[in-house]
Amino acid sequence: QAPAALGMVASVLGGAGIAFIILIWSELYGCLNPVRVALYYSGSIVAGAVVLYIYKGFMFPWLFVMSALLPACSLLCACRGFSELPVDERPSITWARFKVPWKAMVFMAAYALGYGLMETHMYGGVFGPHSAPGTLLMGVLVFVAVLIRGDRFNFGIIYRVALPLIVVALFVVPAFGHVPGDVAGWCMSAAYTGQSILIMLVMSSICYRLGVSAIWLFGLERAIRQIAMWLGRMLAAWAEGVDVLGASGETIVSLLAVAAVFAAALLLFSERDLTSRWGADFIEGGVGAAAALRKQELSDRCAEIARTYKLSSREEEVLLLLAKRKTVGIIQRELFIANGTAKAHVRHIYRKLGIHTRQELFDLLG
């Protein structure tokens, strides 16, 4: 009994440590432009899957040290990332009342519910949720696409790829019984990974644009996601021995998964733009409310001008940085683009707005 009790304690402590590291990295991602977040986050998915393949494939006795060394290395990398941020862009402690973007959280929870319903039939051999072939494939595709396209990468491609994969997993594969079930698992894990990347971009974009702390925002999202996934597993286990109106347990699970994905799709299509606030909003009151409201007003004003003058989503990002009095060099670094590309964006914005100087831009923004 002692080893079992120690194993339980180790699992709880390990899970708490992983949650802490996830929140620390979420805070760092909340300080970065979404282009960089997409590159780093998808890259971390690929790197994590490769490490798990090595660990599971070789099982060298000394590889257990990775369990202790990798979290420490992760924390050191996060600290290095914070130190490289300009002082005014690092997280700060200010208190303000804030409306939680529940729509974004419910969107991911719906996908997590569908994923939990299908999860028990998805993995085989040494593969798990973070090392499944579909997870690795989606991580590689997003990483390569962002690396090649840079600031021209269209984040909408992620859900345009993920949704068809869900359809394949839930409808096409089951329709052909001779097709291996692994194909459905690959599609489902790839789709879920794509939506995980997308929700990371949405939440970090809210933090980046409005100056919201990511610790509690991502903490809520992760907690709701895990509860939804657990609920999906429980429903799948319950449905295995159920026969309702002649429908087998597998049919019930599939229908529940379809309903969850359909609800998530409705939420997603109601807020397609990555720059959308998804209901996030500051409320009057609180020590830091004045500064927070100014950031929100500036972001709203830039969004209004972008719509009026038909700026692209990337030009809107540059406009917001210009409004924050960022130099071209800083814009180049934050958007992960070349200096010439940053200057080209500024020229295009000036031409569309019919202005020639930064002061004219400030006057236009009010």
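Thresholds applied
Residues numbered from 1 in each chain as written. Predicted model: local features only at pLDDT ≥ 70, side-chain atom pairs only at ≥ 80, totals over all residues. Heavy atoms only, no water. Phe/Tyr/Trp six-rings, centres within 6.5 Å; stacked < 30°, edge-to-face > 60°. Helix = DSSP H or I, 4+ residues; strand = E, 2+ residues; numbered from the N terminus. Buried < 20%, exposed > 50% of the residue type's maximum accessible area, 1.4 Å probe, protein only. Lys NZ or Arg CZ within 6 Å of the ring centre and 35° of its normal. Expected span 1.5 Å × (residues − 1).

Trainee: Give a detailed account of the packing of aromatic side chains, specifying residues and quantitative values.
Mentor: The relation between two aromatic rings is expressed through the spacing of the ring centres and the mutual angle of the planes. With the rule as written, the count across this model stands at three aromatic pairs. Ring geometry for W25 and Y29: centres 5.9 Å apart, planes at 45 degrees, overall tilted. One end of the pair, W25, and the other, Y29, are both in helix α1 (residues 2-29), four residues apart, so they sit about a helical turn from each other. On the accessibility criterion, W25 (22% relative accessible area) is partly exposed. Residue classification places Y29 among the buried positions, given a relative accessible area of 5%. For the ring pair Y29 and Y41, a centre distance of 6.1 Å and an interplane angle of 80 degrees mean the geometry is edge-to-face. Taken together, the residues span a long stretch of sequence, with Y29 in helix α1 and Y41 in helix α2 (residues 34-58) at a distance of 12 residues. One aromatic cluster is present, built from ring pairs that chain together W25, Y29 and Y41. The aromatic ring of F362 is capped on one face by R325, whose charged end is 4.1 Å from the ring centroid.

Trainee: I'd like a description of helix α13 (residues 339-353), backed by residues and values.
Mentor: Taking 1.5 Å per residue as the helical rise, α13 with its 15 residues ought to reach 21 Å, and the 21 Å between its terminal C-alpha atoms agrees with that figure. The complete set of buried residues in α13 reads A342, A344, H345, V346, I349, Y350 and L353. Positive phi shows up at G354, right after α13, with a value of about 70 degrees.

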